[in-house]
Structures are given as C-alpha cells and as structure tokens.
Amino acid sequence: MAERKKPELLAPAGDRERLRMAVLYGADAVYLAGESFGMRSFAGNFSPEELPRAVDFAHAHGVRVHVTVNTMPRCGEIEALPAWLELLSDAGVDALITADLGTFTLAGKYAPRCERHVSTQVSVANHVSARAWYELGAKRVILAREVSLEEIREIRARTPAELELEAFVHGAMCVSYSGRCLLSNYMTGRDSNRGACAQPCRYQYYLMEEKRPGEYFPVFEDGAGTYIMNSRDMCMIDHLDDLMDLDSLKIEGRAKSAYYAAIVTGAYRHAIDAARVGVPLDPVWRDEVEHISHRHYSTGFFYGQPGQFTENARYIREWQVVALVTACDESGMATLTLRNKFSAGDEVEVVGPDLRPFAFRAPVMEDREGEPLTEPKNPQMVFRMRLPRPVPTWSMVRIARDLSAKS
C-alpha cells in the first residue's frame with residue numbers, strides 16, 4: 001500500500017518541561033504562548049527571555065513553533081502588540097495563531113516572516129470563510145470544533161490547496177461555540193476570551209424559587225446532581241484514517257501536565273505513523289490515552305452531534321507518575337528524580353520517548369551516597385534504581401493509583 005500524506009502532529013507546550021516532553025515524544029510542531037495575548041493565562045507560558053531558547057530547542061530537534069496571540073485585545077492593550085509581534089519574529093517563531101482581525105493585520109506588518117494561522121476561536125465552519133481568510137493572507141485555518149468530517153471534506157474541496165487546514169483531534173471540548181463564552185466572566189469575573197476561564201460549565205447547578213430564598217432544589221439527571229452543560233473530552237485516535245488529508249492534527253492541553261503532553265503526543269505519533277502506511281495501530285499505544293487524566297471520551301462533532309453527557313464532570317485519574325529518568329547506562333542502572341511516593345516491591349511501569357511501556361516490580365533502590373533505599377520520600381530527591389533494560393532519558397516511571405474524584 002502506498003504511503004499517504006503525513007499530517008503534522010501539533011502538541012501543546014505550556015512551559016519548558018511540557019515543551020521538552022512534547023518534542024522528545026514525537027511532535028512535529030508545538031504551540032505555546034508568551035506572557036501576553038495568549039488564551040491560557042494559567043498555563044505557565046514563556047517569558048521574553050525564555051522564548052528564544054524554547055524556539056532554539058524545538059528547532060534543534062526539527063520541530064516547528066507556533067505561538068498563540070489569540071486573545072481579543074482591547075484598546076489599551078493593543079498598543080503593546082506591535083513590539084510583542086516583533087519580539088516573536090526575532091525569536092524565530094514559525095507561526096502566529098490569531099483570533100482577532102486587528103491582531104491578524106498587525107502580525108502581517110510587524111512579523112512578516114511568521115506564518116499567520118487563524119484560531120479555532122474564529123469559528124471557521126465553511127469554505128467561504130476559509131477562503132476569505134486565505135485571501136487576507138492566512139497560511140492556515142484551525143477549523144471550528146463543531147464541523148463534521150463531511151463538512152471538512154467540503155471545505156477542503158472548495159478552498160485553495162495552498163491553504164492549510166488544521167483540526168483538534170484530542171482533548172477537552174467547550175460547551176460554548178468554539179469556546180466563545182461569557183459565562184465565566186459573568187459568574188467569576190474571569191474572562192474566558194482572555195485566557196482565564198473558570199469552567200463554570202463543569203459546576204453542579206440547583207434551582208432556587210424567588211419566593212423561597214435559601215431553599216435549593218436539585219434538577220436531577222442522576223443521583224449526584226445535574227451537569228446540564230457538561231461535555232466529554234475528544235479522542236480521535238481510533239479514527240485517524242479519516243483525517244489523514246488534513247494538514248495538521250492538534251492536541252488540546254497547554255494547561256495540562258508534562259506527563260499528559262508526553263503520553264498523548266507519543267500515542268498519536270504512533271497512530272499517525274501507522275495510519276500513514278496503512279497498518280493497524282498497536283493496541284499498546286491506543287491504551288496509552290487511557291493512562292492520562294481525562295473525562296469520558298467521545299468523537300466530538302466529526303460524525304454528527306455528540307449528544308449531551310449527563311453522568312458527571314469528573315476526571316478519570318488511574319495512573320500517577322512517581323519518578324523521572326534523568327540518566328540511564330547500558331546496564332539499565334538509572335538516575336531518577338522523585339515526583340510522587342512509591343516503594344520497593346511496588347508494581348510500576350516505564351514509558352519513554354518511542355519506548356513501548358513495560359512493567360516490573362521496583363527493586364530496592366539507593367540514595368546519592370549509595371545507601372539502600374526502600375522508599376524515596378523527599379520531593380525531587382535524586383536516587384538510583386536498576387531497571388530491567390536501558391531506557392531513554394526523560395522516560396517516566398508510573399504506578400496504577402486511582403486518584404479519580406469520588407462522589
């Protein structure tokens with residue numbers, strides 16, 4: 001079977017550690033933000049001093065860098081935008097993700113060497129809109145999460161081949177149309193359109209009758225309450241064969257952990273490579289997306305309306321990282337740093353960059369002085385442990401540990 005087109009795998013990089021994991025675990029490109037004009041103000045992000053180093057690290061590994069400039073800036077803020085755009089251009093950023101037409105226009109003037117990508121916040125859902133952005137100078141449009149697979153195919157057929165199309169394939173979804181929501185702003189003063197969403201759509205709600213103040217009546221959908229605006233996470237790893245004609249497949253999650261960035265990027269790296277040559281995905285990689293913190297999965301809007309999910313809004317957390325490998329010799333003797341407690345005798349797993357996960361029982365370890373150690377306890381402490389085989393640096397040791405929220 002002839003090889004198919006290879007779409008770009010675009011992974012989130014909320015800070016330096018998440019950037020490193022996304023790059024080493026197989027991303028073709030990463031998207032990140034500086035300290036201004038980004039839609040994830042709590043993601044960690046990169047200072048003006050860190051950005052050039054982040055770009056250099058990614059480029060040294062053959063990975064492109066896209067920077068989000070996708071808030072809706074107000075008059076008092078937009079005056080600072082030209083200098084910010086020039087800084088991004090000088091840092092070597094490959095593409096800018098914009099949602100505001102004024103920002104898009106300024107990017108063309110002050111960062112002309114950077115590609116301009118149109119954010120999913122713009123809600124491009126038809127070929128006319130996509131073509132209009134192309135005619136304004138967009139290199140790529142990131143399609144609205146609400147478009148179906150059939151609509152994507154029509155957009156592709158009726159737009160210039162030079163216009164790249166990108167779609168989200170994994171991660172959290174918003175109950176509001178492509179994330180354009182005022183609920184958080186109204187209820188908490190935190191503006192979702194300026195990177196500070198408090199996710200009130202995940203709250204449990206009750207009804208209060210105006211003449212009975214202080215009396216709360218549950219609106220039942222199940223025994224635990226009501227989740228009338230709850231949405232599941234998207235997971236398209238089983239359906240990538242239908243998406244291989246897109247130019248970029250995007251993983252949501254700049255505010256999520258380095259472990260999430262590594263595991264999901266690695267799983268989709270293997271899935272895309274398998275789909276490209278027409279072979280079934282090894283089930284071990286499909287199973288990896290069950291090893292990260294996530295809500296119940298769905299296929300989003302690709303195959304029609306996903307339907308309302310009324311069970312709960314809680315994350316499923318069944319695995320925890322306990323240590324990070326910082327060095328490993330040919331015999332499998334590894335130097336690690338502690339992330340969470342575990343003990344000799346525990347059944348653990350190791351997963352790493354392009355490393356098929358394997359399980360083993362943790363042996364007695366040793367501290368930095370070479371003394372026996374049965375339970376590393378101090379956060380970030382350095383210790384040594386013999387692994388069954390050599391593993392790459394930045395592999396992770398994890399343990400099955402149910403941390404899911406309980407009713």
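Residues numbered from 1 in each chain as written. Predicted model: local features only at pLDDT ≥ 70, side-chain atom pairs only at ≥ 80, totals over all residues. Heavy atoms only, no water.

Draft legend 1. Spotlight on the overall build of the protein. Regarding its fold elements, the protein presents ten helices and 20 strands. The buried share of the protein, reckoned over its 407 residues, is 52%. Expressed as a percentage of contacts within the protein between residues at least 6 apart in sequence, the contacts between residues at least 24 apart total 68%. Summed over its atoms, the accessible surface of the protein is roughly 18400 Å², and 51% of this surface lies on carbon and sulfur atoms. (Helix = DSSP H or I, 4+ residues; strand = E, 2+ residues; numbered from the N terminus. Buried < 20%, exposed > 50% of the residue type's maximum accessible area, 1.4 Å probe, protein only. Contact = heavy atoms within 4.5 Å. Areas by Shrake-Rupley, 256 points an atom, 1.4 Å probe, with all protein chains shown as cover.)

Draft legend 2. Seen up close, the nonpolar core. Val 141, Leu 143, Leu 243, Tyr 268 and Met 396 are the most contacted members of the largest nonpolar core, which has 59 residues in total. The element that contributes the greatest number of residues to this core is helix 9 (residues 258–277), accounting for eleven residues. Setting aside anything within four residues of it in sequence, one finds Leu 143 in contact with Thr 120, Val 124, Ile 152, Ile 155, Leu 165, Glu 166 and Leu 246. Among the nonpolar cores identified, the runner-up in size contains 27 residues, and Ala 13, Val 23, Val 69 and Leu 88 belong to it. (Core = buried A, V, L, I, M, F, W, Y, C linked by side-chain atoms within 4.5 Å.)

Draft legend 3. Region of the structure containing the side chain of His 66. With respect to the helices and strands, the residue His 66 is situated in strand 3 (residues 64–69). At 3.4 Å, the side chain of His 66 and the side chain of Arg 64 are in polar contact. Ignoring anything within four residues of it in the chain, the contact list for His 66 reads Glu 8, Leu 10, Ala 29, Val 30, Tyr 31, Leu 32, Ala 95, Ile 97, His 117 and Arg 140. (Polar contact = N/O pair within 3.5 Å; in protein donor to acceptor, adjacent residues only side chain to side chain.)

Draft legend 4. Main features of the pattern of salt bridges. Using the criterion set out here, one finds 24 salt bridges in the structure. A salt bridge links Asp 233 to Arg 295; its shortest N-O distance comes to 3.8 Å. In this pair, Asp 233 is assigned in strand 10 (residues 233–235) and Arg 295 in the loop between helix 10 (283–288) and strand 12 (297–298), connecting sequence segments 62 residues apart. Under the relative-accessibility criterion, Asp 233 is labelled buried at 2%. It is possible to trace a salt-bridge network through shared partners that takes in Glu 8, Arg 64, Glu 115, Lys 139, Arg 140, Glu 164, Glu 166 and Lys 250. (Salt bridge = Lys/Arg side-chain N within 4 Å of Asp/Glu carboxyl O.)

Draft legend 5. Structural detail: the pairing of strand 7 (residues 164–171). Taking burial as the measure, the eight residues of strand 7 include eight buried ones, the bulk of the element. As a crossover connection, the stretch from strand 6 (residues 140–142) through helix 7 (residues 149–157) into strand 7 is right-handed. Relative to strand 10, strand 7 runs antiparallel, the two being bridged by two bridges. Bridging from a neighbouring strand, Gly 171 pairs with Met 234 of strand 10. (Right-handed = clockwise from strand over helix to strand, strands pointing away. Pairing = 2+ DSSP bridges.)

Draft legend 6. Spatial organisation of unusual backbone geometry. You will see that Ser 123, though not glycine, has its phi angle at about 65 degrees, which is positive. As for its position among the elements, Ser 123 is in the loop between strand 5 (115–118) and helix 6 (127–136). For Gln 380, which is not glycine, the phi dihedral falls at a positive 70 degrees. Along the chain, Gln 380 falls in the loop between strand 18 (372–373) and strand 19 (382–386).

Draft legend 7. Layout of the packing of helix 1 (residues 16–24) against helix 9. Close contact between helix 1 and helix 9 brings their axes to 8 Å; oriented N to C, the two are set at 15 degrees. The angle between helix 1 and helix 9 falls in the class roughly parallel. For helix 1 against helix 9, the interelement crossing comes out right-handed. In contact with Glu 17, Arg 18, Met 21 and Ala 22 of helix 1, helix 9 contributes Ala 258, Ala 261, Ala 262 and Thr 265. (Axes fitted to C-alpha atoms, helices over the stretch in contact; angles between N-to-C directions. Parallel < 35°, antiparallel > 145°, perpendicular 65-115°, else oblique. Left-handed = near helix turned anticlockwise from the far one by under 90°.)

Draft legend 8. Inspection of the packing of helix 1 against helix 2 (residues 50–60) at higher detail. Contact geometry of helix 1 with helix 2 gives a least axis separation of 11 Å together with a crossing angle of 10 degrees. In terms of orientation, helix 1 lies roughly parallel with respect to helix 2. Here Arg 16, Leu 19, Arg 20 and Val 23 of helix 1 come into contact with helix 2, specifically with Glu 50, Ala 54, Phe 57 and Ala 58. Here the residues of the contact of helix 1 with helix 2 sort into five nonpolar, no polar and three charged. (Nonpolar A, V, L, I, M, F, W, Y, C, P; charged D, E, K, R; others polar.)

Draft legend 9. Focus on the side chain of Glu 8. By the secondary structure assignment, Glu 8 is in strand 1 (residues 8–12). Polar contacts involving the side chain of Glu 8 include one to the side chain of Arg 140, which spans 2.9 Å. Setting aside residues no more than four positions away along its own chain, Glu 8 makes contact with Asp 28, Ala 29, Arg 64, His 66, Arg 140, Glu 166, Asp 247, Ser 248 and Leu 249.

Draft legend 10. Molecular detail of the packing of aromatic side chains. Scanning all chains against the criterion turns up three aromatic pairs. Taken together, a centroid distance of 5.1 Å and an interplanar angle of 75 degrees make the contact between Phe 104 and Trp 133 edge-to-face. Of the two residues, Phe 104 is situated in helix 5 (residues 101–110) and Trp 133 in helix 6; the sequence distance between them amounts to 29 residues. Look at Phe 104 and you get buried, because its relative accessible area is 1%. Given a relative accessible area of 11%, Trp 133 falls into the buried group. Geometrically, the ring pair formed by Phe 342 and Phe 383 is tilted, given 6.1 Å between the ring centres and 55 degrees between the ring planes. (Phe/Tyr/Trp six-rings, centres within 6.5 Å; stacked < 30°, edge-to-face > 60°.)

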